[in-house]
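# A closer look at the structure
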Amino acid sequence: MSAIGNPSAVLSTRGPVLVVGTGLLGTSLALALTAAGVPVQLSDTSPTSLALARDMGAGQVRDEHSPEPALIVVATPPDVAAGVVLRELDAHPDAVVTDVASVKARIAAEVRRHGGWDARRYVGSHPMAGRERSGAGAADSDLFAGRPWVVIADGATPEAELAVRNLAVDVGATPVRMTAAEHDAAVAAVSHVPQLVSSLLAARLETTPENALGLAGQGLRDTTRIAASDPRLWSAIVVGNAGPVADMLRQLRGDLDRLIDGIAPAAVSPDDPAYTAAGDAATIAPGAVGAITDLMTRGNAGQARIPGKHGGAPRRYAQVQVLVPDSAGSLGRLFSDVGEAGVNIEDFAMEHSPGQSAGLAMLSVMPAAAQGLEEALDARGWRVVVS
Ligand SMILES: NC(=O)C1=CN([C@@H]2O[C@H](COP(=O)(O)OP(=O)(O)OC[C@H]3O[C@@H](n4cnc5c(N)ncnc54)[C@H](O)[C@@H]3O)[C@@H](O)[C@H]2O)C=CC1
Ligand SMILES: O=C(O)C(=O)Cc1ccc(O)cc1
């Protein structure tokens, strides 16, 4: 169990912990450790980022009087992480050093190449937790709760590996041991290429007319949420993992070419004599339906393989949809009525359309609870939308 919010939990992390890089990741971690009672020191090349993290209560700014850290977490952008790790290994000869960068093989290779014997105190790691905003201002002490935290222990001492695994567990994450190469291939598929695809999609919206954008629903919002991410950070991430990312983009290009080749012949005008004679586009373009069905079916299979909440087995929740007036306290009343009906909300999303005075609340609940909840909410005057 996480030590956060549980004062009686026994902490395994030995402090002080020095966090180098007090942006989103570093400050989130520092807040979580501070909340759990671990002494945290902060350092950043940007005085403003450092001051913000300190003012948020993430820890003390490290200075020449600070005690020696037992554990150092480098949470800088990936392109400078190896250099910072090497510098910290050198400056603190008894400390274990980890980094949380989103790419691992290149950083590990550089640290092992230049770190000598000291590199045995280095354990690369990567919490699979984040968001589309950067900087300390977006930090959240609960960021790591229930998330996997990859630990790359090749070449490190067992003690160093244990210190990093303990860190992950103490902030509520689950350590997952991998090699750097396994990690980089995995994150290309589950994080880096999804980021680029989301950006590709959103980039097309730059020139989409405003009245078309006004029609956007949750589907577009879901697929473009991470397109709001920081271009500078992601450039460093993608360049740092260019091999696995380029491999997967080539496979995606193959899929895209097959799809385009399949549907292009169906793009006939309704006034075209061929269309008028055949009566439908599918007859004129025999491969079109197959190309789309094939992609969609493969997509269904891939999507069903994504593990559910807390990284567990995929689970199908039932969705209860409720119209919520756009007024203060409405959502609070809905949650309270769901609680009084004895139902736990497993997940929640809200869909808004511009110019409407109500939003659609989508409550994910256990399938067995869905019908009873719909009836209970209906009885309390809520407008339940049956899809
Ligand atoms: N943003 C995300 O969702 C996730 C990011 N990561 C990784 O965590 C690391 C940090 O990412 P974020 O916190 O999102 O970035 P961020 O941009 O919010 O924070 C990075 C911080 O590092 C500081 N910094 C830059 N160079 C430095 C140096 N040489 N010495 C000391 N401080 C330095 C910056 O001033 C900034 O405050 C990156 O390596 C990223 O790949 C890992 C998981 C999720
Ligand atoms: O928001 C999401 O879906 C993420 O995948 C967050 C994330 C971003 C970058 C990472 O290196 C790890 C996790």
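Before going into details, it helps to say that this report is about the structure given with it. Note on numbering: residues in each chain are counted from 1, in written sequence order. Just so you know, chain letters begin at A and ligand numbers begin at 1, following the order they were written in. Per-residue local features are limited, in this predicted model, to residues with pLDDT of at least 70; the limit for side-chain atom pairs, both in listing and counting, is 80 or more; totals at the level of whole chains, interfaces and linings are taken over all residues. To obtain the side-chain values, all non-hydrogen atoms of the structure were included, while hydrogens and water were left out.

## Here's the deal with the layout of surface pockets
Just so we agree on the cut-off: The definitions used throughout rest on a 1 Å grid laid over the protein atoms alone, on which a cavity is an enclosed set of points accommodating a 1.4 Å probe that cannot get out and a pocket is an open set flanked by protein within 12 Å on both sides along at least five of seven lines; lining residues are those having an atom within 4 Å of a point. Grid points are joined across faces, edges and corners, and a volume is the space filled by probe spheres set on the points. A run of DSSP states H or I qualifies as a helix once it reaches four residues; a run of E qualifies as a strand once it reaches two. Both are numbered from the N-terminal end. Residue type decides the class: Asp, Glu, Lys and Arg count as charged, Ala, Val, Leu, Ile, Met, Phe, Trp, Tyr, Cys and Pro as nonpolar, and the leftover types, Gly among them, as polar.
By volume, the second largest pocket amounts to about 160 Å³. As for the second largest pocket, its lining consists of P78, D79, A81, A82, G83, V103, R106, I107, E110, A236, V239 and G240. Of all the elements, helix 3 (residues 78-91) adds the most residues to the lining of the second largest pocket, at 5 residues. Grouping the constituent residues of the lining of the second largest pocket by class yields 7 nonpolar, 2 polar and 3 charged.

## Brief notes about the pairing of strand 6 (residues 122-127)
Formally: Residue burial is assigned from relative accessible area. The probe radius is 1.4 Å, only protein chains are included, and a residue is buried under 20% of its type maximum, exposed over 50%, and partly exposed in between. Strands are labelled as partners when DSSP assigns at least two bridges between them. The crossover handedness rule: strands pointing away from the viewer, path from first strand over the helix to second strand clockwise, crossover right-handed.
With 6 of 6 residues buried, strand 6 is to be regarded as a mostly interior element. Residues of strand 6 alternate between two faces, with Y122, G124 and H126 on one and V123, S125 and P127 on the opposite face, all of them buried. As paired strands, strand 5 (residues 96-99) and strand 6 are joined by 3 bridges and run parallel to one another. Within the sheet, the bridge partner assigned to D99 lies in strand 6 and is G124. Regarding the hand of the β-α-β motif, the stretch spanning strand 5, helix 4 (residues 105-115) and strand 6 is right-handed. Here 4 bridges tie strand 6 to strand 7 (residues 148-152), and the two strands are oriented antiparallel to one another. Looking at the pairing, P127 lines up with W149 of strand 7.

## Thoughts on the site of ligand 2
So the rule is basically this: If a single non-hydrogen atom of a residue is within 4 Å of a molecule or strand, that residue counts as near it. N or O atoms closer than or at 3.5 Å make up a polar contact, with two conditions inside protein: a donor-capable atom paired with an acceptor-capable one, and, for residues adjacent in sequence, both atoms drawn from side chains. Throughout, the Shrake-Rupley method with a 1.4 Å probe supplies accessible areas, and for residues the shown protein chains are the sole cover considered.
Ligand 2 sits among S102, H126, M128, A129, G130, R225 and W234. S102 places a polar side-chain atom, nitrogen or oxygen, 2.7 Å from an oxygen atom of ligand 2. Burial of ligand 2 by the protein amounts to 73% of the accessible area it has alone, namely 340 Å².

## Some thoughts on the sheet that holds strand 12 (residues 383-385)
Let me state the cut-off plainly: Between N-to-C directions, angles cover 0 to 180 degrees, with each direction set by a line fitted to C-alpha atoms, over the stretch in contact for helices. Whether two residues touch is decided by their heavy atoms; if any such pair falls within 4.5 Å, the residues are in contact.
Spatially, 10-11-9-12 is the arrangement adopted by the 4 strands of the open sheet, whose pairing is antiparallel. Looking at which strands have only one partner, the edges of the open sheet turn out to be strand 10 (347-351) and strand 12. On average, each strand axis in the sheet is tilted by 30° relative to the strand beside it, whichever way the strands run. Direction of pairing for strand 9 (residues 318-325) relative to strand 11 (residues 358-365): antiparallel, over a ladder of 8 bridges. Within strand 11, the position partnered with A318 by the bridge is V365. Sheet strands in contact with helix 14 (residues 330-340) are strand 9, strand 10 and strand 11, and its direction is about 140° off that of strand 9.

Purely geometric stuff here, so don't read any function into it on its own.
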